[in-house]
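Each chain is listed here by its residues.
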Amino acid sequence: MPIKSLESFLFERKLTYTSSLDILSNSVLGIDAEYYLSRIYTFKKEQFLAAIGGVPSSLADYIYTDLQVFQEFNIKPLFVISGLPIQSQIVTYRQNELSPQEQHVDYIWNKLNSPAHTQYSYENFRLYSENLPLEPMINDLIKIFIELGIDYLVTPYNASFQLSYLYQENLVDAIYGSTDLLLTKIDKFILAMEFPTREFRFVDKFRMLQEFGLNERQFQDLSLMVGCTFQPNTFPIFPPTPKPVPNYPQLNNFKIGLDIVYQYMQFSGNNSNLYGYILSLNDPKLTDLYMKGQTAIKYVPIINKQGYTELYNVEMAKFNLERDADFIIEDDLASASTSSAGTPNESNNNNNKPTTPSTTKIVAKIPANLHDIISQRLPPEFYFYQSIGLMPLKLLNSVTGGQFVVRPPLELGNSASFKKLLTSKFYLDNLDQQYNLITQLLARYYQVKKIKVKFWFRDEIELNSRMMPTVSKRIGHLFINKKLETFDLRTFFAQSLTGEYNMKEELKFKGDLVSTVVLRTLFLYGIVDEKSQLSSIGQILEIFTRETAKIKKEELEHLVIILLLLKSQTLKLNEVNKEFPGVANQYKVVNSTYELNASEVTTINLISRVMSLKKFNSSPINYQGPVSRNLLNFRSHVEFINTTLLHTIECVLTDLVVRQEQNNIKSAYENKDQWLQLINQLPFFKNVNNTLMGIVAEIYFEVALKHQKTASTTTNEAATFATNYIADHIFQVANPSYNINVYGVNSTTADQMKTDLKDAVAWWKTFVGFIKVVNAVDKSLCDDSLLKGINDADEFVNQFSLP
């Protein structure tokens, strides 16, 4: 989170300077990934993302087009992603209490579902002050970076301080990030990129401080009072920031804060810091926030070029950028005093980028309660795995914080089936296993530390991560060694589920490593047992993949998730959720008086749910079409299973690598690319698709059915009518400015939409064939009534399929 209201104030005071991208030619540019995305997806873009789920469909297009500009100037980007939050960034809520964003989303949903509401193209599911959340997008970002050959780094904590370190180490030549960089030891940074004009806007920290008449410490103090990353709360001395009103001057808290600073310095004579002013407020809570914020700025951990996690100020001291009472210099005192910046004002003048680090030996005095301000520290090896995107951030955060927080899904409401899924014994036991795998690699303290799961809708529970024997020992006998460099999920299920697993040879190939990890995960899910026997789920996957020669990796992953959803016995595929409505009727008006009966509603609901798993190849920068709370609720179930499965895979892989069981990849992998190739092969890694394909399917089949019943046309004519209806009235393909994409044209074409519908029908056929195998093997997963409903729906799909 940037320093509140500072960016607009810098533009107002003309403290941002323009330069050409030519200056950055042949350079390495460090980019704060969260800030980069916030500049792309402003408040007016992706307003319905919370209503369709997933990541922005235009994400890859934006990154690709920007990469082309970088390549034009031979600029190498390095994206830095913020990792774990510090304690001040963690917000806790009481039971049944919603966050401000969740309250807003719930209000919009209720507004859309009210009988008096007829259209919602102008509704916005985002709060004005809210950026798109980065955490759900991290894995998709990593996939895009790997596919495009872009370097990235998931920093231990804050991206701004990591970028500052990289800059001082000459690992990057320039930085593109938020105003939080002004809290670091940085002289200049890029605040805005204007790719169409091939220009950028930058800030000179020294000139800014001169303009404000502040030293560096005063600026930090003012930033903590206004609100920034390390202290997100705005002090109550400032008025609340109102929602912007067009053509009306906005209230700027940073400007108000400057006036407060000037008055304090004038009357007190204190020109060093604002600590005295904060004490004069006589509020211990504000003093505590200030002290914790200053401590976090000094001691936030970063990962250095040796791959070791170190405190920021300790690293900065090596460059003669930090000399104060927090450090003891163990060298010659005379030489130390000449090389140190004795006062904050003198430190501000030392803004030149050093060419060589200092050799002075420094011992830092660290606050005893630093873990209460930042977080409890993990081994450096874990931060390395986090840096490449291997370790799940949510699990690591809960290990250090002792609490796993479960927030409501995007559709909110009171979904009994989703709550039942979250609290089912199977998935709570699975969470125990994940923590056991992680904590057994840590110090004894973490092994006995209690971790609580805090749900938004019920009392918290305490996990039992202590198991005897440990999970690692239970799965340690499972190995697959077929000398495969590339992992293929279909081949794995078809050829590797049965046979001898206890191989003695060393695992040297990435395909074998991933195969072993997936096999161990299946063992934890009860799909493979101690005697290498398959459960009914394992038999279904083996039979289906052997009978199906060609199937896309993504589709097979979806089938596995559906199978696990059937096993959970929570959400029934062919049952209509009466609490959550589907697509609004206003999007299905075709001058028809025909009303769907209960059977037809159930059939279309089933079809749209299954087809919603398929990707709709549309990439609008601000989708504002129909939404479905019902499909979003279905997606929440699928996304939960997908995420849980991935977390187990990541924990098992980390355990395998750290313990070096029949592998030596920690020393064998000589560069980062080898690790990225391994991560790129992990199944279930990406976010589940948004609900757009299901929305299109629901409208298509209902419109086709109504038209066929009313106009007494053939099913082919009804299918053509429904296709044209969606193209002309829903996506308005003739209107190039409606739902435009990155390239400035309508994101959907009639041909693309027809192709996507045909692909969705093909996926549906794959699903039907799979369900028949499920029914034949285990009727407890799919009984005859469900199979009959799916077969009836298949006949319905056949009637209205596009020719």
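- As recorded in an unreviewed UniProt entry, the protein goes by XPG-I domain-containing protein and comes from Candida parapsilosis.
- Among the UniProt annotations of the protein, the heading Sequence similarities (unreviewed entry) holds the following wording: "Belongs to the XPG/RAD2 endonuclease family."

Observations concerning the nonpolar core
Turning to step 1, where the next piece is worked out: One finds Met193, Phe212, Phe219, Phe254, Phe701, Trp764 and Phe767 to be the most contacted residues of the largest nonpolar core, which totals 266 residues.
Turning to step 2, where the next piece is worked out: The dominant element in this core, judged by the number of residues it contributes, is helix α28 (residues 629–659), at 15 residues.
Turning to step 3, where the next piece is worked out: Mapping this core onto the domain boundaries places at least three of its residues in each of domain 1 (6–114 + 122–241 + 250–296) and domain 2 (551–636 + 688–800).
Turning to step 4, where the next piece is worked out: Setting aside residues no more than four positions away along its own chain, Phe767 makes contact with Leu559, Ile562, Leu573, Val610 and Ile790.

So, the sheet that holds strand β12 (residues 403–406)
Turning to step 1, where the next piece is worked out: The strand order β12-β13-β14 describes an open sheet built from 3 strands, whose pairing is mixed. Edge strands, defined here as strands with exactly one partner in the open sheet, are β12 and β14 (461–462).
Turning to step 2, where the next piece is worked out: Where β12 lies against strand β13 (residues 452–455), 4 bridges are found, and the strand directions are parallel. Its bridge partner being in β13, Val405 is matched across the sheet by Lys454.

Observations regarding the pattern of salt bridges
Turning to step 1, where the next piece is worked out: Per the stated rule, a full pass over the model turns up 32 salt bridges.
Turning to step 2, where the next piece is worked out: As a salt-bridge pair, Glu702 and Lys588 come within 3.0 Å of each other at their nearest N and O atoms. Here Glu702 is found in helix α31 (residues 692–711), whereas its partner Lys588 is found in the loop between α26 (553–568) and α27 (598–611), with 114 residues between them in sequence. For the pair Glu702 and Lys588, one class covers both residues: buried.
Turning to step 3, where the next piece is worked out: Linked through salt bridges whose partners overlap, the residues forming this network are Lys588, Glu698, Glu702 and Lys706.

Re the packing of helix α24 (residues 510–524) against helix α30 (residues 672–679)
Turning to step 1, where the next piece is worked out: The N-to-C vectors of α24 and α30 enclose an angle of 45°; their axes lie 10 Å apart at closest approach. With respect to α30, the axis of α24 lies oblique. The two elements α24 and α30 cross, and the hand of that crossing is right-handed. Every residue of α30 that contacts α24 at Lys510, Leu513 and Val514 is listed here: Gln674, Gln677 and Leu678.
Turning to step 2, where the next piece is worked out: Residue composition of the contact of α24 with α30, grouped by class: 3 nonpolar, 2 polar and 1 charged.

Considering the side chain of Ser747
Turning to step 1, where the next piece is worked out: Within the secondary structure layout, Ser747 lies in the loop between α32 (715–730) and α33 (750–777).
Turning to step 2, where the next piece is worked out: Ser747 gets classed as buried once you look at its relative accessible area, which sits at 9%.
Turning to step 3, where the next piece is worked out: Of note is the side chain of Ser747, whose polar atom sits 3.1 Å from the side chain of Ser618.
Turning to step 4, where the next piece is worked out: When sequence neighbours within four positions are dropped, the list of residues in contact with Ser747 reads Asn617, Ser618, Ser619, Pro620, Tyr738, Asn739, Ile740, Asn741 and Gln752.

Concerning helix α25 (residues 536–547)
Turning to step 1, where the next piece is worked out: Spanning 12 residues, α25 covers 16 Å between terminal C-alpha atoms, matching the ideal 16 Å at 1.5 Å per step.
Turning to step 2, where the next piece is worked out: Buried residues in α25 make contact with α23 (489–495), α26 and α33.

Brief notes about α31
Turning to step 1, where the next piece is worked out: Its 20 residues give α31 an end-to-end C-alpha distance of 28 Å, which sits within 8% of 28 Å, the value for a rise of 1.5 Å per residue.
Turning to step 2, where the next piece is worked out: Counting buried residues in α31 gives 16 out of 20 residues, a clear majority hidden from the surface.
Turning to step 3, where the next piece is worked out: Ser712 occupies a position one or two residues after α31 and carries a positive phi of about 55°.

Things to note about the UniProt feature "domain: XPG-I" (unreviewed entry) in the protein
Turning to step 1, where the next piece is worked out: In the numbering adopted here, UniProt assigns the feature "domain: XPG-I" (unreviewed entry) to residues 146–214.
Turning to step 2, where the next piece is worked out: Secondary structure over residues 146–214 splits into 30% helix and 29% strand, and the C-alpha atoms at its two ends are 43 Å apart.

Let's talk about the pairing of β13
Turning to step 1, where the next piece is worked out: The alternating pattern of β13 places Val453 and Phe455 on a buried face and Lys452 and Lys454 on a face that is not buried.
Turning to step 2, where the next piece is worked out: The sheet contact formed by β13 and β14 spans 2 bridges and is antiparallel. Across the sheet, Lys452 pairs through a bridge with Glu462, a residue of β14.
Turning to step 3, where the next piece is worked out: The hairpin formed by β13 and β14 contains 5 residues between the paired strands.

Re the domain arrangement of the protein
Turning to step 1, where the next piece is worked out: Each assigned domain of the protein is listed with its residue range as follows: domain 1 (6–114 + 122–241 + 250–296) and domain 2 (551–636 + 688–800).
Turning to step 2, where the next piece is worked out: Distance between the C-alpha centres of domain 1 and domain 2: 39 Å.
Turning to step 3, where the next piece is worked out: Each side of the interface is counted separately: domain 1 has 21 residues, and domain 2 has 21 residues.
Turning to step 4, where the next piece is worked out: Taken together, the two surfaces of domain 1 and domain 2 that pack against each other cover about 1,800 Å², and 57% of this comes from carbon and sulfur.
Turning to step 5, where the next piece is worked out: When the buried surface of domain 1 facing domain 2 is broken down by residue, Phe48, Ile52 and Trp109 rank first, second and third, together holding 32% of it.
Turning to step 6, where the next piece is worked out: Summed over the shared surface of domain 1 and domain 2, the number is 1 salt bridge.

Focus: a nonpolar patch on the surface
Turning to step 1, where the next piece is worked out: Nonpolar side chains collect at one region of the surface, where Tyr64, Tyr743 and Val745 lie side by side and expose about 300 Å² of accessible area between them.
Turning to step 2, where the next piece is worked out: Mapped onto the fold, Tyr64 is located in helix α4 (residues 59–72).

Considerations on the packing of aromatic side chains
Turning to step 1, where the next piece is worked out: Inspection of the entire model under this criterion finds 41 aromatic pairs.
Turning to step 2, where the next piece is worked out: With 5.7 Å between their ring centres and 20° between their planes, Tyr275 and Tyr290 make a pair best called stacked. Highlighted residues: Tyr275 in helix α11 (residues 275–280) and Tyr290 in helix α12 (residues 284–299), separated in sequence by 15 residues.
Turning to step 3, where the next piece is worked out: The class for Tyr275 is partly exposed, based on a relative accessible area of 31%.
Turning to step 4, where the next piece is worked out: A residue is classified by how much of its surface remains accessible, and Tyr290, at 0% relative accessible area, is buried.
Turning to step 5, where the next piece is worked out: Measuring from ring centre to ring centre gives 5.1 Å for Tyr669 and Trp675, while their planes differ by 80°; the resulting arrangement is edge-to-face. Across this residue pair, the class does not change: Tyr669 and Trp675 are buried.
Turning to step 6, where the next piece is worked out: One residue, Lys672, lies across the ring of Tyr152, its end atom 4.8 Å from the ring centre.

Definitions and limits used
- Residues numbered from 1 in each chain as written.
- Predicted model: local features only at pLDDT ≥ 70, side-chain atom pairs only at ≥ 80, totals over all residues.
- Heavy atoms only, no water.
- UniProt positions renumbered as here; feature names shortened; annotations may be inferred.
- Core = buried A, V, L, I, M, F, W, Y, C linked by side-chain atoms within 4.5 Å.
- Buried < 20%, exposed > 50% of the residue type's maximum accessible area, 1.4 Å probe, protein only.
- Helix = DSSP H or I, 4+ residues; strand = E, 2+ residues; numbered from the N terminus.
- Domains from an automatic or database assignment.
- Contact = heavy atoms within 4.5 Å.
- Pairing = 2+ DSSP bridges.
- Salt bridge = Lys/Arg side-chain N within 4 Å of Asp/Glu carboxyl O.
- Axes fitted to C-alpha atoms, helices over the stretch in contact; angles between N-to-C directions.
- Parallel < 35°, antiparallel > 145°, perpendicular 65-115°, else oblique.
- Left-handed = near helix turned anticlockwise from the far one by under 90°.
- Nonpolar A, V, L, I, M, F, W, Y, C, P; charged D, E, K, R; others polar.
- Polar contact = N/O pair within 3.5 Å; in protein donor to acceptor, adjacent residues only side chain to side chain.
- Expected span 1.5 Å × (residues − 1).
- Buried area = accessible area lost by both parts, 1.4 Å probe.
- Patch = residues over 30% accessible without salt bridge, like charges linked within 9 Å, V, L, I, M, F, W, Y side chains within 5 Å.
- Areas by Shrake-Rupley, 256 points an atom, 1.4 Å probe, with all protein chains shown as cover.
- Phe/Tyr/Trp six-rings, centres within 6.5 Å; stacked < 30°, edge-to-face > 60°.
- Lys NZ or Arg CZ within 6 Å of the ring centre and 35° of its normal.

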